[in-house]
Amino acid sequence: MAKVTLDTLDIKILEILSKNAKTPFLEIARICNVSGAAIHQHIQQLTQDGVIKGSVFVLEPTLIGFNTCAFICLNTTSDANINTITEELKKIPEAVECHLTSGKSSILLKVYTSDNTSLLNVLSNKIQTISGVASAEITISLKESFSRQVQL
């Protein structure tokens, strides 16, 4: 995918939306000193270009029963098909992020479970049963210190 060129208005819009995706277009227009139609057009173009992937409400996992967050480094067999493995990982509801990586491991997976017993179940009965997964190394997150969007 080619890099998208952003103008100063695009950058200002993205800064505002990255702080609060629910900011009304007219409020953004007022801050940027342009029309609401201009904001709408820019946001539509940014979405078309793939710069904006969407807007979501961010859930706090621990408040809804997901008390264990873990990062799982997966090592694959030499004949493994990474695309097939990632498609299988996508079917696991506890998996929230999947990254292809360099280094010792091939895949970094972020999962949320209710507790360590559930984590063991996900690992043993869902992840390690996928063809091509050779081994896994788990790191449990004790606390998320921060999470943020990229800074412009």
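Now for a quick tour of the structure. (Residues numbered from 1 in each chain as written. Predicted model: local features only at pLDDT ≥ 70, side-chain atom pairs only at ≥ 80, totals over all residues. Heavy atoms only, no water.)

## Topic: a nonpolar patch on the surface
- Together, Leu59, Leu63, Ile64 and Phe66 make up an exposed nonpolar region whose accessible area comes to about 450 Å².
- By the secondary structure assignment, Phe66 is in the loop between helix 3 (36–48) and strand 1 (68–76). (Patch = residues over 30% accessible without salt bridge, like charges linked within 9 Å, V, L, I, M, F, W, Y side chains within 5 Å. Areas by Shrake-Rupley, 256 points an atom, 1.4 Å probe, with all protein chains shown as cover. Salt bridge = Lys/Arg side-chain N within 4 Å of Asp/Glu carboxyl O. Helix = DSSP H or I, 4+ residues; strand = E, 2+ residues; numbered from the N terminus.)

## Examining unusual backbone geometry
- With a phi close to 60°, Asn33 is a non-glycine residue in the positive phi region.
- Within the secondary structure layout, Asn33 lies in the loop between helix 2 (25–32) and helix 3.

## Observations concerning helix 1 (residues 8–19)
- The end-to-end C-alpha separation of helix 1 is 17 Å, in line with the 16 Å expected for twelve residues at 1.5 Å each.
- Turning to helix 1, its buried residues are Leu9, Asp10, Ile13, Leu14, Ile16 and Leu17. Viewed along the axis of helix 1, the buried residues span an arc of 165°, placing them on a single side of the element. Turned more than 90 degrees off the buried face of helix 1, the exposed positions are Thr8 and Lys19. (Expected span 1.5 Å × (residues − 1). Buried < 20%, exposed > 50% of the residue type's maximum accessible area, 1.4 Å probe, protein only. Arc of directions from axis to C-beta.)

## Notes on the layout of surface pockets
- Estimates place the volume of the largest pocket at around 1800 Å³.
- Lining the largest pocket are 42 residues, with Val56, Val58, Ser147, Arg148 and Gln149 sitting closest to its centre.
- Going through the elements one at a time, helix 1, helix 3, strand 1, strand 2 (95–100) and strand 3 (107–113) are the ones with two or more residues in the lining of the largest pocket.
- Taken together, the residues that form the lining of the largest pocket break down as 20 nonpolar, 13 polar and nine charged. (1 Å grid on protein atoms, 1.4 Å probe; cavity = no way out; pocket = protein on both sides within 12 Å on 5 of 7 lines; lining within 4 Å. Points joined across faces, edges and corners; volume = space filled by probe spheres on them. Nonpolar A, V, L, I, M, F, W, Y, C, P; charged D, E, K, R; others polar.)

## Some thoughts on the environment of Leu59
- Examined against the element boundaries, Leu59 turns out to sit in the loop between helix 3 and strand 1.
- For Leu59, a relative accessible area of 60% corresponds to the exposed category.

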